[in-house]
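The residues making up each chain are set out below.
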Amino acid sequence: MTDLPEGWTREGEEITRAFRFADFSEAWGFMSRVALLAERADHHPDWRNVWNLVEIRLTTHDAQGLTPKDLALAAAINDLI
Ligand SMILES: C[C@H](O)[C@H](O)[C@H]1CNC2=NC(N)=NC(=O)C2=N1
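Procedures and definitions
- Residues numbered from 1 in each chain as written.
- Predicted model: local features only at pLDDT ≥ 70, side-chain atom pairs only at ≥ 80, totals over all residues.
- Heavy atoms only, no water.
- UniProt positions renumbered as here; feature names shortened; annotations may be inferred.
- Helix = DSSP H or I, 4+ residues; strand = E, 2+ residues; numbered from the N terminus.
- Rg over C-alpha atoms; globule rule 2.2 N^0.38 Å.
- Buried < 20%, exposed > 50% of the residue type's maximum accessible area, 1.4 Å probe, protein only.
- Contact = heavy atoms within 4.5 Å.
- Areas by Shrake-Rupley, 256 points an atom, 1.4 Å probe, with all protein chains shown as cover.
- Lys, Arg positive; Asp, Glu negative; His and termini not counted.
- Charge placed at Lys NZ, Arg CZ, Asp CG, Glu CD.
- Near = heavy atom within 4 Å.
- Polar contact = N/O pair within 3.5 Å; in protein donor to acceptor, adjacent residues only side chain to side chain.
- Nonpolar A, V, L, I, M, F, W, Y, C, P; charged D, E, K, R; others polar.

Going by an unreviewed UniProt entry, the protein chain carries the name Putative pterin-4-alpha-carbinolamine dehydratase and comes from Jannaschia donghaensis. In its Catalytic activity (unreviewed entry) section, the UniProt record describing the protein chain reads: "(4aS,6R)-4a-hydroxy-L-erythro-5,6,7,8-tetrahydrobiopterin = (6R)-L-erythro-6,7-dihydrobiopterin + H2O". Its UniProt record, at the heading Sequence similarities (unreviewed entry), says of the protein chain: "Belongs to the pterin-4-alpha-carbinolamine dehydratase family."

Listed below in structure tokens is the structure:
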């Protein structure tokens, strides 16, 4: 699992990417769109929001490690921006 979607970094059994927006409203709008993707995929992010910053971590808790589901969600998240 070496080919990560653009901008994502592997940290142990997680991949992570930070997204910065103009303001909180833009960040929250992005999070809403990610939430819809996550529900549709039944695959959910570990994430943190501070004003205009959204930090996302993806791993597959059921498998206790990275799976193709993480890469697919990361790619879908990238397509939102
Ligand atoms: C029951 C339900 O399908 C599972 O708990 C799903 C939900 N969302 C999930 N999200 C993530 N990131 N990892 C999981 O293993 C996972 N499992």
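Caption draft 1: Broad picture of the overall build of the protein chain. A tally of regular secondary structure across the protein chain gives two helices and four strands. When the helices and strands of the protein chain are read in sequence order from the N terminus, they spell out β-β-α-β-β-α. For the protein chain, the C-alpha radius of gyration of 12 Å lies close to 12 Å, the compact-globule estimate for 81 residues. Burial status across the protein chain gives 37% buried among its 81 residues. Taking as baseline every contact in the protein chain between residues at least 6 positions apart, the subset at least 24 positions apart corresponds to 61%. Looking at the protein chain as shown, the accessible area adds up to about 5,000 Å², and 50% of this sits on carbon and sulfur atoms. Considering the protein chain, the positive charge centre built from 8 side chains and the negative charge centre built from 14 side chains are found 3 Å apart.

Caption draft 2: The arrangement of the site of the ligand in detail. The full set of residues close to the ligand is Asp-42, His-43, His-44, Thr-59, Thr-60, His-61 and Asp-62. In this structure, His-44 approaches the ligand through a side-chain N or O atom, which is 2.8 Å from a nitrogen atom. Contact with the protein chains hides 66% of the accessible area of the ligand, taken as 390 Å² for the molecule alone. For the shell around the ligand, a count of residues per class yields no nonpolar, five polar and two charged.

Caption draft 3: Focus on the side chain of Asn-52. Counting through the fold element by element, Asn-52 comes out in the loop between strand 3 (46–50) and strand 4 (53–58). On the basis of relative accessibility, which here comes to 8%, the residue Asn-52 falls in the buried class. When neighbours within four sequence positions are excluded, Asn-52 is seen to be in contact with Phe-19, Arg-20, Phe-21, Ala-22, Asp-23, Phe-24 and Ala-27.

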